[in-house]
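For reference, the chains in residue letters:
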Amino acid sequence: MIRTNKLKKVYRTEEIETTALNEVDLHIQPGEFVSIMGPSGCGKSTLLNILGLIDNPSGGEYFFLDEEVSKYSERQRSNLRKHNIGFIFQSFNLIDELSVYENVELPMLYTKVPAGERKKRTEELLEKMNMMHRKNHFPQQLSGGQQQRVAVARAIVNNPKIILADEPTGNLDSSNGDDVMKTLAQLNQEGTTIIMVTHSAYCSEFGNRVVRLLDGQIVSENTIAKYRI
Amino acid sequence: MLTHYLKSAVRNLLRQKRFSFINIFGLALGMSICLLVYVFVRYETSFEKSFADYEDIHRLTALFTGDEEEEWLAITPYPLAPAVAANVPEVKAAARLESAWRETQFEYNNVSRYLDSYAYVDTSFFQVFAYEFISGNPNSVLKEPNDVILSEGMATQFFGKENPIGQVIKFNNKKDLKVVGIFKKPASNSHIDFDIFIPWRNRTSGETQWDNMLNYYSYVKLHPGTDPISFDKKMNQTARTGFSTSSDANEKLEVLFASQPIKDIHLHSHLDGEISANSYQFYMLIYLMVGFAILFIAIINFTNLSTARSANRAKEVGVRKVVGASRWESSIQFLVESILQSIVALLLAFLLAEIMLPFFNRLLDLELTILKDTPLFIIGFGILLSIVVGLIAGIYPALFLSGFSPIKVLTGDFSKSKDSAPLRKGLVIAQFSICAALILFLGIVFQQLNYITSKSLGFNPEQIMVIPLQNSKLQLSSAQAELSRIPGIETVSFANRLPGEEMGGNGYQIGEKTAILDFNRVDENFIDALDIKLTAGSFFTATDIRDSVRKFVVNESFVNFYNIKDNPIGQRISNQNGVIIGVVEDFHWKGFNESITPFVMHELNDPYLPKAIVKINSKDLPSTVKAIQKNWAALEPGYPFRYSFLDADFGALFKGYQNFGKALGFITLLIVFTAALGLFGLAAYTAEQRNKEIGIRKVLGASISQIMILITKDFMYLVLIASVVALPVGYFIAKKWLTGFAYQAQINAFPFLATIITILAISMLTVSWQAFRAASINPVSAIKDE
């Protein structure tokens, strides 16, 4: 599903050149739940952004669904992204001016899903996330846990093949964090591929593989035999 | 999707109230001026278009060439129109019109009305101008000498709900006129704007009087497709034949006739003897430019504020892009938002325009309406305007905001993502350049207005009462004796015309030199009444008036023009069979936009309803006026007493310029206000963005005034650059405007300094409130927030 070959990302300012990713080779099969771990600044988020097609690598190859996408334009990446990838962020990133319902519905507007179908799917997901009673509320009226549940609903509303989660529990208390992790694990069981960046060893145990990064390079890959659910 | 965009736009507008207010109010002000300008331009360009075949209708004009002088007249000789109708096959119909000389009494049912909106016309007039008749037949009305036809409105004024046809109106206390037709005034405007048409007055020897050119306007309707140049050629041939049969008094003058499409008259024709003063395309252009300038400033506000507060929208753009929005879709979203604001602004603009309309009508002396006459046009224009403005104002912010990279905005690296500050600075300079140029222009306009209203006229118009005579049988001497008895009256004089009025023109020949010059018929007290100085010779005396030798008093310009400085007195004016007996100092009888030209005074030896000039020297003006009124009733029984004061009449000459000054002042105020509004918003965002910096500086010991200077100085710097850029432009425009005046005020440094100080003071006031608020924050909260 995802394969990188000597993936490289270099940030340049006028005086300094920083290598964020250094020849990363990563292979992810459909249905995997991969946790990416490592200290701050090791390149986890950079890797996730490139895998999520919101950033381009500086070098190397990136095969997404068997297509080499590393040289894709913003428009091409946007097209691939909206049909195949769902995002979950640490800071939720809901749009403040849109209600819970509208935030969940939003990705379907860009994939031109008919209105009836949009309504059906949005309501289904809000039920599933137990947020139906809050559908007309705005993000600032919700707790962190509720916001992240809305964000998860938004990420999966277009039935993406892969979900990328960047510290999805980072801003949540343990109980809310647990709920989110259980939801992700369940989605993975239903067949969605998940790649998650996390600092938390506990969270990483919800996945079936842990990739450790240090200074932009993969230093270890461990398979978890029996993962949490 | 559109519903989604609109919903999100409305919520954004409501969340950012200050920003929305500045944007919407600024755009509304700009659009309201544009609506007013639109109404004005529509009015100015609508002239004559109601007449069927208006493009084939031409007015005939006459160009006289003397030795040095050239005079182009809107009036033509008495026989010209019938002659071309008879001799030039391209003419479909031709007609003459003689406009009223003065207000004249129209009496019905013992109610008198003094009207000057009447004209004498040929029967063929309605073949040239296809007026719509409500009753009466346009082909047969005015066949009888006592016929009269009225406009619908005038008929209602006279007869109310009675049937007007067959009613009799007494004209000038002498003649009974029978109403034979009612016409509808044309829907659009015309230089021919009369309510009453009376049959043409046939002169006994008229058809050969080629040198008779009083108030006769000639019009022709040509066959479609006629080449005006070939028509003009044939017209001149006809006229030459006519002149050769006539005893032309001004044989040294050459005259050429030219046709002029009536559609060009209102904006382009400024000939001598126009029926009424026409407008200038230049003014229309100025108003158009002003409309665009204010809209431009409002659009700059929009662009500046939208990009300045881009940080507030960055996250949204990032998220939308991550979940699938393309840059195009994001741009559309922001454009929808700007068009929505523009449409809200349009509604407000209609309201503002309606509020400002009476003021503009007063200034322009018009009766324009906005929504009353052609609501669909103006609403259509408004909608188009708001969409165009929304697109122009929104396009840059839309492209700027939609260009955010999601990775940068979502990872908090926003500050490095884009910088629109240089553009904003440029736009602020542009805005304030326009403001400074206008303020300077305004300053110079006021300097000039002050100059022309305070400069000596060469005569004294104060305390001069003007009474137009109405009874042609009134003996001037008895009137003079009667009035002179009233205490407080210093001098009583009679003259045909007064300063500020259009003078008559006449040919004068001294030696070999001939020219058509302005003249007036005055009596012996004229220069005493008006305080005009005699510099050589003598003025008329009471006995002169009855003398058989013609005598003239001329002004100094006349003496210079004919180069008779050495010996003006006794000079013979050969074609008038008379001599110069006196020279007076030049005086400004035309105001200051025209230079003083040679001028001749004739004796008032054929007084036909002149005007009485009563110089009052009284501390109790009202009681003197009352006494005059009482005595006048005995002099002109049956005629109501009508009077005016010369200073007010003459002041009307400046009214147009004063109104222009007022309009410019008002517009400048609006433009400066709009620009200041934008600066206010921008300062608020700048202060917000520099919150942390201000906090740190305060912790390190900066005082409130130091912080205020820090924030204010950047803006002051921009505004100062703007002033420097704008001053030459403002000066250039003002210089152009001043060329319309023969006498110009000296421009000194004052308006320049005043402009810089004003513009700096306005921007300082605008910015310093925001700077003070920012400087007064608790530094702890600023740092903690970060």
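Just so it is clear, the model here is predicted, and its values are computed rather than measured.

Participant: Can you tell me about the pattern of salt bridges, naming the residues and giving the values?
Facilitator: Taken as a whole and judged by the stated rule, the model has 33 salt bridges over all chains. For the salt bridge of Lys-7 of chain B with Glu-102 of chain A, the shortest nitrogen-to-oxygen distance reads 2.9 Å. Remark: Glu-102 of chain A occurs in helix α3 (residues 100-110) and Lys-7 of chain B occurs in helix α1 (residues 2-15); the pair is interchain, linking two chains. With a closest N to O distance of 3.9 Å, Glu-123 of chain A and Lys-135 of chain A form a salt bridge.

Participant: Tell me about the packing of aromatic side chains, residues and numbers included.
Facilitator: Residue and element names in this part refer to chain B. In this structure the tally under the stated criterion is 57 aromatic pairs over all chains. Judged by centre distance (5.6 Å) and plane angle (70°), the ring pair of Phe-400 and Phe-404 falls under edge-to-face. Residue class for Phe-400 comes out buried when judged on its relative accessible area of 5%. The class for Phe-404 is buried, based on a relative accessible area of 1%. Centre to centre, the rings of Tyr-657 and Phe-741 are 4.6 Å apart; their planes meet at 45°, and the pair counts as tilted. Of the two residues, Tyr-657 sits in helix α19 (residues 646-689) while Phe-741 sits in the loop between α21 (704-738) and α22 (750-775), which places them 84 residues apart along the sequence. By the burial criterion, Tyr-657 is buried, and Phe-741 matches it. Aromatic ring contacts, followed pair by pair, group Phe-51, Phe-125, Phe-126, Phe-129, Tyr-131, Phe-133, Phe-183, Phe-194, Phe-197 and Tyr-219 into a single cluster.

Participant: With reference to specific residues and values, describe the environment of Gln-146 of chain A.
Facilitator: All names here are of chain A. If you trace the backbone, Gln-146 turns up in helix α5 (residues 144-156). A residue is classified by how much of its surface remains accessible, and Gln-146, at 13% relative accessible area, is buried. Note: C-alpha distance between Gln-146 and Asn-176 (30 residues apart in sequence) is 8.3 Å. Residue contacts for Gln-146: discarding those within four places in its chain leaves Met-131 and Arg-134. Polar side-chain contacts of Gln-146 include one of 2.9 Å to the backbone nitrogen of Ser-143.

Participant: Which residues make up the environment of Leu-340 of chain B, and what are the values?
Facilitator: All names here are of chain B. Looking at the secondary structure, you find Leu-340 in helix α10 (residues 327-364). Look at Leu-340 and you get buried, because its relative accessible area is 18%. Placed 47 residues apart in sequence, Leu-340 and Ile-387 show a C-alpha to C-alpha distance of 8.7 Å. Ignoring anything within four residues of it in the chain, the contact list for Leu-340 reads Leu-6, Ala-9, Val-10 and Leu-13.

Participant: If you had to explain the packing of α21 of chain B against α22 of chain B to someone new, which residues and values would you point to?
Facilitator: Residues and elements named next belong to chain B. Between α21 and α22, the shortest axis-to-axis distance is 8 Å and the interhelical angle comes to 155°. Taken together, the axis directions place α21 and α22 in an arrangement best described as roughly antiparallel. Crossing geometry of α21 relative to α22 is assigned as right-handed. Class assignment for the residues of the contact of α21 with α22 results in 20 nonpolar, 5 polar and no charged.

Participant: Explain the interface of chain A and chain B to me, using residue names and the numbers behind them.
Facilitator: At the junction of the two partners, chain A supplies 24 residues and chain B supplies 23 residues. Across the chain A/chain B interface, buried area totals approximately 2,200 Å², and carbon plus sulfur atoms make up 58% of it. The interface formed by chain A and chain B includes 5 salt bridges. We note a salt bridge from Asp-96 of chain A to Lys-315 of chain B, for which the minimum N-O separation is 3.9 Å. Linking chain A with chain B are 8 residue pairs in polar contact (both at pLDDT 80 or more), by the criterion used here. Those elements that place two or more of their residues in the side of chain A that touches chain B are α2 (74-84) and α3 of chain A. For the side of chain A that touches chain B, the class distribution of residues is 11 nonpolar, 5 polar and 8 charged.

Conventions and cut-offs
- Residues numbered from 1 in each chain as written.
- Chains lettered and ligands numbered in written order.
- Predicted model: local features only at pLDDT ≥ 70, side-chain atom pairs only at ≥ 80, totals over all residues.
- Heavy atoms only, no water.
- Salt bridge = Lys/Arg side-chain N within 4 Å of Asp/Glu carboxyl O.
- Helix = DSSP H or I, 4+ residues; strand = E, 2+ residues; numbered from the N terminus.
- Phe/Tyr/Trp six-rings, centres within 6.5 Å; stacked < 30°, edge-to-face > 60°.
- Buried < 20%, exposed > 50% of the residue type's maximum accessible area, 1.4 Å probe, protein only.
- Contact = heavy atoms within 4.5 Å.
- Polar contact = N/O pair within 3.5 Å; in protein donor to acceptor, adjacent residues only side chain to side chain.
- Axes fitted to C-alpha atoms, helices over the stretch in contact; angles between N-to-C directions.
- Parallel < 35°, antiparallel > 145°, perpendicular 65-115°, else oblique.
- Left-handed = near helix turned anticlockwise from the far one by under 90°.
- Nonpolar A, V, L, I, M, F, W, Y, C, P; charged D, E, K, R; others polar.
- Buried area = accessible area lost by both parts, 1.4 Å probe.

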